Amino acid sequence: MDSPFKSQLVKYPYLGIETRGSYNGLILLSILKDMHASVADLEESLCLCNPSTKEFKEISILNVKHGPAYNMKLIRKKAAVIYGLGHNCNTDNYKIVKVVPVSAMTPLPVCYGSEVQVYTLGLDSWKTLPDIIPYKLDAGYHKAATVINGAPQWIACRDPVNSDFSGNSKCIVSFDSGGDNFREVPISTQIVEEFNHHESHNRVKTLGVLGGCLCLIVYDHYHTYEVWVMNDCKTRESWNKLYVGQIPVKDLMDAHGHVDYYNSKFVWEFKNDEVLFAVKRKYLYYTNLVTYDLVPVPEKSKVSKIRDFLGQNCSVETYLVSLVSLNPRIYEREQEHPNTQAQALSKISLKGREESIC
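Each value, and the rule that gives it
- Counting restarts for each chain, with residues numbered from 1 along the sequence as it is written.
- Only residues with pLDDT of 70 or above have their local features reported here, since the model is predicted, and side-chain atom pairs are shown and tallied only from 80 upward, although totals for entire chains, interfaces and linings are computed over all residues.
- With hydrogens and water set aside, each side-chain value is computed from the structure's full complement of heavy atoms.
- Pairing of aromatic side chains here covers Phe, Tyr and the six-membered ring of Trp, requires ring centres within 6.5 Å, and sorts the geometry by plane angle: under 30 degrees stacked, over 60 edge-to-face, intermediate tilted.
- Counting from the N terminus, the helices are the DSSP runs of H or I reaching at least four residues and the strands are the DSSP runs of E reaching at least two.
- Only protein chains enter the accessibility calculation, which uses a 1.4 Å probe; a residue is then buried when its area is under 20% of its type maximum, exposed when over 50%, and partly exposed in between.
- By this definition, two strands are paired if DSSP reports at least two bridges between them.
- To define axes, lines are fitted to C-alpha atoms, for helices over the stretch in contact only, and angles between the resulting N-to-C directions are given on a 0 to 180 degree scale.
- Salt bridge, as used here: a side-chain nitrogen of Lys or Arg that lies within 4 Å of a carboxyl oxygen of Asp or Glu.
- Any two residues whose heavy atoms approach within 4.5 Å are treated as being in contact.

Comments concerning the packing of aromatic side chains
Turning to step 1, where the next piece is worked out: Tallied over the entire structure, the rule returns nine aromatic pairs.
Turning to step 2, where the next piece is worked out: Ring centres of Y225 and F277 lie 4.9 Å apart, and the angle between their planes is 55°; this geometry places the pair in the tilted category. Here Y225 is found in strand β17 (residues 224-230), whereas its partner F277 is found in strand β20 (residues 274-280), with 52 residues between them in sequence.
Turning to step 3, where the next piece is worked out: By relative accessible area, Y225 is classed as buried at 1%.
Turning to step 4, where the next piece is worked out: For the ring pair F277 and Y292, a centre distance of 5.7 Å and an interplane angle of 75° mean the geometry is edge-to-face. Separated by 15 residues along the polypeptide, F277 in strand β20 and Y292 in strand β21 (residues 286-293) bring together distant segments of the chain.

Quick look at the structure:
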């Protein structure tokens, strides 16, 4: 499909496009006017596209001059921005969540939490949540959320200003596209133990979707990975270790002998008990698509095929055909409550931490 940004290459010869997630046939792209610009001079916009209808909508990013970070004299870390694409099923409206880490002005930067802006497709407008959320989100190299039932999800560090960033402060958070607030996803004692593993700093963790359920993928330095699946989004003890995979290091090593687990991504589950991963090679940024034959724990699943060698600067997103339109529409339920922007909740109640929004 032809890029709608070809005409901009004359003015912006170093134009860069990166994927920031997908959901229900829509793909979120981040457009950098100059990939080599410094953070201070970085010009960025977003684009929603539907490859089925060939619709594109470029979205200017909200330039927040004031907001809660400004009021609290905190520094926004532009280079660490994370995005999420969500869906409010009550209004059939799509939203983009922009999460910006903020730091306190001290001799050594201390993460205080995150400032959040929300774009609503139906209203074609941005708003800033009134409070700093007490989380530092981790979306890995891709800086994109995993979406379950329209709700973007991330691994996060809870209350970072008072945290030592150990496993004790780790959790999984979800953004409610209906209420514009964050809640913690229930996690089992086994997942808590995983977050507190004595080699946790060597065990890379990412989120994915398996069979419509949230899953946690844990990579370790012994070249294996584990997949934990949450079978019931309302029950914390429904997490189960589904399988363990062996990473074929020799086949996926780059010239320096490295496989970049941070860039590995769970992509798809096939009906024949195979799963697909996208694995990048460190330093060279080459991407391989790798399939595994699943076998029950405690056996180790092994690679059945290294399917494709995609070359440099590639990213992989799952995509389902849909006819979702990108034309802005005013939704009645959004209009009925004009004060919801001012009343958007971002502080987490103790009760909210125990709930899931699935």
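Now, onward.
Looking at the sheet that holds strand β1 (residues 16-23)
Turning to step 1, where the next piece is worked out: As summarised here, the arrangement of the four strands in space is β1-β2-β3-β4, forming an open sheet in which the pairing is antiparallel. Both edges of this open sheet fall to β1 and β4 (55-60), since each of them pairs with a single strand only. Each neighbouring strand pair of the sheet contributes to a mean axis angle of 25°, computed without reference to strand direction.
Turning to step 2, where the next piece is worked out: Here strand β3 (residues 44-50) pairs with β4 via six bridges, running antiparallel. When the sheet's bridge partners are listed, L48 is paired in β4 with K57.

Considerations on the pattern of salt bridges
Turning to step 1, where the next piece is worked out: With the rule as written, the count across this model stands at ten salt bridges.
Turning to step 2, where the next piece is worked out: Between E226 and K241 there is a salt bridge whose closest N-O contact spans 3.7 Å. Taken together, the residues span a long stretch of sequence, with E226 in strand β17 and K241 in strand β18 (residues 239-246) at a distance of 15 residues.
Turning to step 3, where the next piece is worked out: For E226, a relative accessible area of 16% gives the class buried.
Turning to step 4, where the next piece is worked out: A relative accessible area of 33% places K241 in the partly exposed class.

Quick look at the pairing of strand β14 (residues 181-184)
Turning to step 1, where the next piece is worked out: Where strand β13 (residues 170-176) lies against β14, four bridges are found, and the strand directions are antiparallel. In the strand pairing of β14, S174 is matched with R183.

Some details on the environment of K77
Turning to step 1, where the next piece is worked out: Mapped onto the elements, K77 comes out in the loop between β5 (74-76) and β6 (82-88).
Turning to step 2, where the next piece is worked out: According to the relative accessible area criterion, K77 is partly exposed, its value standing at 42%.
Turning to step 3, where the next piece is worked out: C-alpha of K77 to C-alpha of C111: the two residues are 34 residues apart in sequence and 9.5 Å apart in space.
Turning to step 4, where the next piece is worked out: Not counting residues within four places of it along the chain, the set of residues in contact with K77 comprises V100, P101 and S103.

A word on unusual backbone geometry
Turning to step 1, where the next piece is worked out: Positive phi, close to 50°, is recorded for N24, a residue that is not glycine.
Turning to step 2, where the next piece is worked out: Mapped onto the elements of the fold, N24 is located in the loop between β1 and β2 (26-32).
Turning to step 3, where the next piece is worked out: The class for N24 is partly exposed, based on a relative accessible area of 35%.
Turning to step 4, where the next piece is worked out: In this structure, D92 is a non-glycine residue whose phi angle is positive, near 55°.
Turning to step 5, where the next piece is worked out: Examined against the element boundaries, D92 turns out to sit in the loop between β6 and β7 (93-104).
Turning to step 6, where the next piece is worked out: The exposure class assigned to D92 is partly exposed, which follows from its relative accessible area of 40%.

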